[in-house]
Amino acid sequence: MAGAGKSLQGARIVLLGPPGAGKGTQGQVLCQRLGVPAISTGDMLREAVADGSELGNKVQGIMASGALVDDATMADVVRDRLAKPDAGRGYLLDGYPRTLPQAETLAGILRDAGQELDAVLLVDVPEDELVRRALLRGRADDKEEVIRERLRVYREKTAPLIGYYRERGLLREIDGNRPIEEVTAQMAGLFGTGPEGD
Ligand code: ADP
């Protein structure tokens, strides 16, 4: 298992945290250092919507309302993506799992492949700050009601994953309510990827 200072080249890591905590920003930095692809289910779904694919048409309204896409649909999306060759080097999963059934699906995918997660990184930020950041971001699903709804869904459906992964000894916590470089530095220390420019 991943401990402080241990190198995680080729690691399989889940990024967990409320919408707007900075998972995407931190994920980009971390995956570059670890040499693994960042896999964001939110980005994948937004691409599907932009392409007007069958999946995109199915999820467009759900995403716009701040609700979650159903677990069965997400299982197909994630199973296909993790079967691609680049995921063989490991990956940083951002936005999945988001529910306990999704965590069980991921556990099953890993089990079938004879693999394990190395760590689950929780990036946490207080709710008021999350709303402030989301309003600044101005994405299509970033209206205040939708932001509040995404946070409510996070508390209800996703936050239970914190305990789930803590019990399994995988949880690493990061305070996301600080300047980006400080968050990055804490994360680098946690994963032993060395200082900036390493
Ligand atoms: P944020 O970064 O704001 O948390 P994401 O970009 O990860 O949001 O996801 C945007 C939307 O895509 C979610 O609000 C949800 O509707 C849908 N989505 C993304 N990942 C999942 C998932 N694992 N399960 C269900 N819905 C998802």
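For the structure itself, consult the block above.
Remember, predicted model here, so these are calculated numbers, not experimental data. (Residues numbered from 1 in each chain as written. Predicted model: local features only at pLDDT ≥ 70, side-chain atom pairs only at ≥ 80, totals over all residues. Heavy atoms only, no water.)

**Here's the deal with the sheet that holds strand β5 (residues 171-175)**
- One open sheet holds the five strands; their spatial order is β2-β3-β1-β4-β5, and the pairing between them is parallel. Two strands in the sheet have a free side with no partner beyond their single neighbour: β2 (38-40) and β5. Ignoring strand direction, the axes of neighbouring strands in this sheet form an average angle of 20°.
- Across four bridges, the pairing between strand β1 (residues 12-16) and strand β4 (residues 119-124) is parallel. The residue of β4 that forms the bridge with L15 is L121.
- Taken strand by strand, helix α9 (residues 180-191) contacts β1, β4 and β5, and its axis lies near 155° from that of β5. (Pairing = 2+ DSSP bridges. Helix = DSSP H or I, 4+ residues; strand = E, 2+ residues; numbered from the N terminus. Axes fitted to C-alpha atoms, helices over the stretch in contact; angles between N-to-C directions. Contact = heavy atoms within 4.5 Å.)

**Regarding the pattern of salt bridges**
- Here the structure, examined in full by the defined rule, presents 12 salt bridges.
- A salt bridge links R46 to D43; its shortest N-O distance comes to 2.9 Å. Of this pair, R46 and D43 are both found in helix α2 (residues 41-51), three residues apart, which corresponds to roughly one turn of the helix.
- The exposure class assigned to R46 is partly exposed, which follows from its relative accessible area of 30%.
- Judged by relative accessible area, which is 39%, D43 ranks as partly exposed.
- Salt bridges sharing common partners tie together E149, R152, E156 and K157. (Salt bridge = Lys/Arg side-chain N within 4 Å of Asp/Glu carboxyl O. Buried < 20%, exposed > 50% of the residue type's maximum accessible area, 1.4 Å probe, protein only.)

Any link to function would need more than the numbers given here.
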